[in-house]
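Spelled out, the chains give:
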Amino acid sequence: MFELLTEKLSRAFKELRGRGRLNEKNIQEALKQIRLAFLEADVNYKVVKNFLEEIRQRSLGKEVMESLTPGQQVIKIVQEELTKLMGEGKRDLNLNDKKPLSLMLVGLQGSGKTTTAGKLANYIRKNGYHPYLVPVDTQRPAAIEQLCKIGEEINIPVYPADSNDRVEDICLKAKKEAPKVGCDILVIDTAGRLHIDEQLMEELLRIKGVIHPAESLLVADAMTGQDAVNLAVKFNQVLDITGVILSKMEGDARGGAALSVMAVTNKPIKFVGIGESMDALEPFYPDRMSSRILGMGDVLSLIDKAQAEFDQKEAMKLARKIKKAEFDLEDFKQQLAYIQKMGSLEQILGMMPGIGKMMKAGRLKTDEKELVRVEAIINSMTPEERRNHRIISGSRRKRIAMGSGTKVEDVNRLLKNFVQTKNMLKKLSRGGLKGLSSMAGFN
Ligand code: GDP
């Protein structure tokens, strides 16, 4: 996501970073480039205008002009303003109301609403709650069926809605039923239409009126850019939504919707959908997102993701090994297995500073098959060789290639990658965040 914007911004910043002193003229020049980058990213033009004015004023202020590294200061300001634009901190779901409480999902057909209902239920279950999926699209029996299937897949109960019932009654009955089946949070998948119409809005209002949801969340397709923003405006006018979930964010290379929703509607993005699977839903962190946009990577999300999959003890053990530079090929193999568990390699690497850009330039190809090959190569080594890669001679490399059904070049490449990874990890563990930012080219 955001690849184009990141690329354009990094070009504008390159100019700034190299300069010892800034004056009004070169700041204007950089702002012009930043403006273009945001407009091309399909950000609402009024939003861009206000955003740039803020940056301009601050850039001409003392904090930049008197700084020894004015370029860096401007970049810092852009990051802060971007974060502000997207709503500052992460917005948690309101799950404090009396139980059972309801989360109501609204949106157009095809936006990913039903899938998101499943993902959201899955997410809140991981936080210790007991969700209950409630299908209320009585017009489309297929929608009810779809939610039942999702419920089955993730093993979360679905209220057996009767499509002859009125939608309000379905919700009220489900609320009554919830405690009986051990559930405390209703995730209500409302009807979707191809377009907004009065009938739909009226139905949603009726549901809202009887169920008093703790959250009414609009699910909007990020790929539709400003249409998603306009949709948010309309739903908000009628329903006074509490937030937005942007689906299909992983495919949205421009980022216009994510950058405009909060500024235009004053309603926060609470989650983003990043794939079709039931765990492809992440809380939205404006600060991390702006770092990612500015090409500084999204290391914190990556760490969160890793933490969800990692065994804490294993992670500590690994951290100690990295610190002592004892990280060996066996650990490397284990890490690859974790990566496979964590999701698509592309997605994970994209979050790492500097690497997103490298991937784009084609310098780093992510090939899931490659992982299988790597595992086969490491399996063909002796335990001694896995502990100490330096003892692997030319003839052993040939044997290992034969044993694993690969070529000597594959073995060589693997060893080279391993050494690079080891060095990178060493740098990370020594420098902490400073190490990271230097890798991202920010020092
Ligand atoms: P609904 O009509 O709004 O209920 O939409 P669905 O839940 O049926 O989703 C429509 C399509 O979008 C399905 O093929 C989903 O798998 C897909 N989808 C939903 N969320 C995401 C997402 O975050 N990323 C991607 N790539 N696809 C998604």
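Residues numbered from 1 in each chain as written. Predicted model: local features only at pLDDT ≥ 70, side-chain atom pairs only at ≥ 80, totals over all residues. Heavy atoms only, no water.

**Q** Explain helix 10 (residues 226-239) to me, using residue names and the numbers behind them.
**A** Here helix 10 spans 20 Å end to end across 14 residues, near enough to the 20 Å set by a 1.5 Å rise per residue. All buried positions along helix 10 are accounted for by Q226, A228, V229, L231, A232, F235, N236 and L239. On the buried face of helix 10, the contacting elements are strand 1 (101-106), helix 9 (198-211), strand 4 (215-221), strand 5 (243-247) and helix 11 (256-265). Downstream of helix 10 by one or two residues, D240 has phi in the positive range, about 50 degrees. (Helix = DSSP H or I, 4+ residues; strand = E, 2+ residues; numbered from the N terminus. Expected span 1.5 Å × (residues − 1). Buried < 20%, exposed > 50% of the residue type's maximum accessible area, 1.4 Å probe, protein only. Contact = heavy atoms within 4.5 Å.)

**Q** I'd love a proper account of the side chain of R386, names of residues and values included.
**A** Its location among the elements puts R386 in helix 19 (residues 383-387). A relative accessible area of 15% means that R386 is categorised as buried. When near neighbours in sequence (up to four residues on either side) are disregarded, R386 contacts D328, L329, E330, I378, N379 and M381.

**Q** Give me the lowdown on the site of the ligand, citing residues and values where you can.
**A** Taken together, 17 residues are adjacent to the ligand, and G110, T114, T115, E250 and E276 come closest. In the model, an oxygen atom of the ligand is placed 3.2 Å from a nitrogen or oxygen of the K119 side chain. For the ligand, whose free accessible area comes to 580 Å², the fraction covered by protein is 80%. Residue contributions to the shell around the ligand peak at four residues, all from helix 6 (residues 113-126). Of the residues in the shell around the ligand, the class split is two nonpolar, 10 polar and five charged. (Near = heavy atom within 4 Å. Polar contact = N/O pair within 3.5 Å; in protein donor to acceptor, adjacent residues only side chain to side chain. Areas by Shrake-Rupley, 256 points an atom, 1.4 Å probe, with all protein chains shown as cover. Nonpolar A, V, L, I, M, F, W, Y, C, P; charged D, E, K, R; others polar.)

**Q** Can you tell me about the pattern of salt bridges, naming the residues and giving the values?
**A** Here the structure, examined in full by the defined rule, presents 24 salt bridges. R56 is the salt-bridge partner of E53, the closest N and O atoms lying 3.4 Å from each other. Linking E53 with R56, this pair stays in helix 3 (residues 45-59), spanning three residues, or about one helical turn. Exposure remark for E53: the relative accessible area of 33% places this residue in the partly exposed category. A salt bridge links E384 to R387, with the nearest nitrogen and oxygen atoms 3.4 Å apart. With E384 and R387 both in helix 19 and three residues apart, this pair spans about one turn of that helix. By sharing partners, the salt bridges in this structure join R58, K76, E80, E81 and K84 into a single network. (Salt bridge = Lys/Arg side-chain N within 4 Å of Asp/Glu carboxyl O.)

**Q** Describe in detail the packing of aromatic side chains, supporting the description with residues and values.
**A** Counted by the stated rule, this structure contains three aromatic pairs. Judged by centre distance (4.9 Å) and plane angle (75 degrees), the ring pair of Y123 and F271 falls under edge-to-face. You can see Y123 sitting in helix 6 and its partner F271 sitting in strand 6 (residues 269-273), a full 148 residues away along the chain. Take F271: its relative accessible area is 3%, and that puts it in the buried class. Pairing Y132 with Y159 gives two aromatic rings, centres 6.2 Å apart and planes at 80 degrees, and the pair type is edge-to-face. One end of the pair, Y132, is in strand 2 (residues 131-135); the other, Y159, is in the loop between helix 7 (141-154) and helix 8 (167-180), with 27 residues separating them in the sequence. By the burial criterion, Y132 is buried, and Y159 matches it. (Phe/Tyr/Trp six-rings, centres within 6.5 Å; stacked < 30°, edge-to-face > 60°.)

**Q** Describe the pairing of strand 5, with residues and values.
**A** For strand 5, a buried count of five out of five residues is recorded, marking the element as mostly surrounded by other parts of the structure. Residue alternation in strand 5 divides its side chains into two sets, G243, I245 and S247 and V244 and L246, and both sets are buried. By the bridge criterion, five bridges tie strand 4 to strand 5 in an arrangement that is parallel. When the sheet's bridge partners are listed, A220 is paired in strand 5 with L246. Handedness of the crossover joining strand 4 and strand 5 through helix 10: right-handed. With three bridges joining them, strand 5 and strand 6 adopt parallel strand pairing. Looking across to strand 6, one finds that I245 is bridged to F271. (Pairing = 2+ DSSP bridges. Right-handed = clockwise from strand over helix to strand, strands pointing away.)

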